[in-house]
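Letter by letter, the chains look like this.
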Amino acid sequence: MPRNPYARLFAIPGATAFTLGNLIARLPMGMFSVSAVIMISGARGSYALAGAVTATGLAATAVVAPWTARLVDRHGQARVAVPATVIAALGSLSLLLCVRYGAPDWTLFASYAATATTPNTGGMSRARWAHLLKGDAAAVHTANSFEQAADELCFMLGPVLAAFLCAALFPQAGTLIGVVLLLTGVLVFAAQRATEPPPQGRTDAATEAAGSPLRAPGMPALLVVFVATGAVFGSLEVVTIAFADAQGHKAAAGAILALQAAGSCAAGLVYGAARPRGPLVRRHLLCGAAMAALMTLPLLAVTVTGSLTALAGALLLAGMATAPTMVTGMTLVQHRTPEGRLNEGMTLAVTGLLGGIACGAAGGGWAVERLGPAAGYWVPVAAACAALLLSSAQACATSTPRRRLARSRHVSREA
């Protein structure tokens, strides 16, 4: 086996094929919301309507995604992901046609809500790695780091590609090409049956409820940490756009935010090649502390210099703590999720993250309106500190029983 940890991953038969399909399917996730906003605002002349439609889709995803993931665990990735993707694609095409032909506003909400069935391809890919690398903690760490870097890359390139397509071709181009990429990627991914985790099948209602990831020890507290982490991302995006607009360079906001994602992507790859030591809970706590500390850099940059160039450098550095935090968080989710419910557990984490992004965007927008763009950077700092405090609380809660058990064993040995 090659010594490079990433080369070792892709030496596994079938790994390259399902990763390629997954990346193609994941790229549109960063395209659809931007495409919808451009398409709706251009046709209806209302950013408020465009924002409300995309928020409705986000809320619908938060409700539907865990159920879709539960079906994936029960019946298998290929059997559920393909029809779920077809439904989501039809919803996107319906939105495109409703906007194009001037359908009533309520049809836009209904169409975009149908896209909530889009399967969590990142979670399914992580589930495949966990299945293929079972028992090899170091390789699972590298795989999770790669997946997080892929997330950052897709969410960095997706909005840029969507904006380019809508501007260069026609307003509906971003949505249309996103649908083609999503369907193609999921079909390629689902065709790789040899690497797919075995489905768990049906269970009785009592067993189903008892095995829910939400009932797993430490899982609810960890999901709250994901909500706070999502608030960091959501507020940072809105406040950065507002600050760039106030400086007269709104078009530069996308490039500046891309630097934050680039820093996170690079840090994720480096972190995956490393071999971190110590308990996973402690590593998650240390990564959260680093994120809280580095999130002060954008605030200092805009407060002291007021320069977009300084802000871009600060965001590049600040992004370097987010990927390690997400990698350790997702690894904790994998450890705490009951056997056979991994897709559901990771989708719950993503749902918490999306909910936090929505809350952070709202909080960041409120701060910008009330306090000004520069002061708005206190919101991601506060969200990162909240994530750190919540992470500390859940670390103490999950470690206390172990300490008590260790003490009781120590006392019994002395007796």
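Everything below is about the structure shown above.
Let me sum up the structure you'll find in this document. All values reported here derive from a predicted model rather than from experimental measurement.

## Let's talk about the overall build of the chain
Link 1 in the chain: Along its length, the chain carries 18 helices and 0 strands.
Link 2 in the chain: Projected onto its principal axes, the C-alpha positions of the chain cover 75 × 55 × 45 Å.
Link 3 in the chain: Counting only residues that meet the buried cut, the chain has 50% of its 415 residues in that class.
Link 4 in the chain: Contacts spanning at least 24 positions in sequence make up 83% of the contacts within the chain whose residues lie at least 6 apart.
Link 5 in the chain: Per element, the accessible surface of the chain, about 18,300 Å² overall, is 68% carbon and sulfur.
Link 6 in the chain: One way to put it: in the chain the 28 positive side-chain charges average out to a point 7 Å from where the 15 negative ones average out.

## Focus: the pattern of salt bridges
Link 1 in the chain: Counted under the stated rule, the structure contains 3 salt bridges.
Link 2 in the chain: As a salt-bridge pair, R8 and D136 come within 4.0 Å of each other at their nearest N and O atoms. Of this pair, R8 sits in helix α1 (residues 5-10) while D136 sits in the loop between α7 (121-132) and α8 (137-168), placing them 128 residues apart in sequence.
Link 3 in the chain: For D136, a relative accessible area of 28% corresponds to the partly exposed category.

## Regarding the side chain of T117
Link 1 in the chain: Mapped onto the elements, T117 comes out in the loop between α6 (105-113) and α7.
Link 2 in the chain: Given the relative accessible area of 18%, T117 is considered buried.
Link 3 in the chain: A distance of 2.9 Å separates the side chain of T117 from the backbone oxygen of A84, its partner in a polar contact.
Link 4 in the chain: A polar contact of 3.4 Å, which involves the side chain of T117, links it to the backbone oxygen of A114.

## Some points on empty space enclosed by the protein
Link 1 in the chain: Applying the stated criterion to the full structure yields 4 cavities of 30 Å³ or more.
Link 2 in the chain: When its volume is computed, the largest cavity comes out at roughly 60 Å³.
Link 3 in the chain: A65, T68, A69, V72, T118, P119, N120, M124, N343 and T347 are the residues that line the largest cavity.
Link 4 in the chain: Among the secondary structure elements, those contributing two or more residues to the lining of the largest cavity are α4 (47-75) and α17 (342-371).
Link 5 in the chain: Of all the elements, α4 adds the most residues to the lining of the largest cavity, at 4 residues.
Link 6 in the chain: For the lining of the largest cavity, a count of residues per class yields 5 nonpolar, 5 polar and no charged.

## Notes on the packing of helix α2 (residues 15-26) against helix α9 (residues 173-190)
Link 1 in the chain: It is the contact of α2 with α9, at a shortest axis distance of 7 Å, that shows an interaxial angle of 160°. Regarding the angle of α2 to α9, the classification is roughly antiparallel. Taken as a pair, α2 and α9 cross one another with a handedness that is left-handed. Facing α2, whose interface residues are A17, F18, G21, N22, I24 and A25, α9 presents L181, L182, G185, V186, V188 and F189.
Link 2 in the chain: Of the residues that constitute the contact of α2 with α9, the class distribution is 9 nonpolar, 3 polar and no charged.

## Observations regarding a nonpolar patch on the surface
Link 1 in the chain: Judged by side-chain polarity, V86, L90, L93, L169, F170, L176 and I177 come together as a nonpolar surface patch covering roughly 560 Å² of accessible area.
Link 2 in the chain: Looking at the nonpolar patch, the elements that each hand over two or more residues are α5 (77-100) and α9.
Link 3 in the chain: Residue contributions to the nonpolar patch peak at 3 residues, all from α5.
Link 4 in the chain: As for its placement among the helices and strands, V86 is situated in helix α5.

## Describing the nonpolar core
Link 1 in the chain: Ranked by internal contacts, the top residues of the largest apolar core, which has 46 residues, are F226, V232, M291, M295, L311, V333 and Y377.
Link 2 in the chain: In terms of residue count, the dominant contributor to this core is helix α11 (residues 219-246) (12 residues).
Link 3 in the chain: Other than its neighbours up to four places away in sequence, V333 contacts M219, L222, F226, G345, M346 and A349.
Link 4 in the chain: Judged by nonpolar contacts, the second largest core, of 35 residues, contains M39, A139, V179 and F189.

Thresholds applied
Residues numbered from 1 in each chain as written. Predicted model: local features only at pLDDT ≥ 70, side-chain atom pairs only at ≥ 80, totals over all residues. Heavy atoms only, no water. Helix = DSSP H or I, 4+ residues; strand = E, 2+ residues; numbered from the N terminus. Buried < 20%, exposed > 50% of the residue type's maximum accessible area, 1.4 Å probe, protein only. Contact = heavy atoms within 4.5 Å. Areas by Shrake-Rupley, 256 points an atom, 1.4 Å probe, with all protein chains shown as cover. Lys, Arg positive; Asp, Glu negative; His and termini not counted. Charge placed at Lys NZ, Arg CZ, Asp CG, Glu CD. Salt bridge = Lys/Arg side-chain N within 4 Å of Asp/Glu carboxyl O. Polar contact = N/O pair within 3.5 Å; in protein donor to acceptor, adjacent residues only side chain to side chain. 1 Å grid on protein atoms, 1.4 Å probe; cavity = no way out; pocket = protein on both sides within 12 Å on 5 of 7 lines; lining within 4 Å. Points joined across faces, edges and corners; volume = space filled by probe spheres on them. Nonpolar A, V, L, I, M, F, W, Y, C, P; charged D, E, K, R; others polar. Axes fitted to C-alpha atoms, helices over the stretch in contact; angles between N-to-C directions. Parallel < 35°, antiparallel > 145°, perpendicular 65-115°, else oblique. Left-handed = near helix turned anticlockwise from the far one by under 90°. Patch = residues over 30% accessible without salt bridge, like charges linked within 9 Å, V, L, I, M, F, W, Y side chains within 5 Å. Core = buried A, V, L, I, M, F, W, Y, C linked by side-chain atoms within 4.5 Å.

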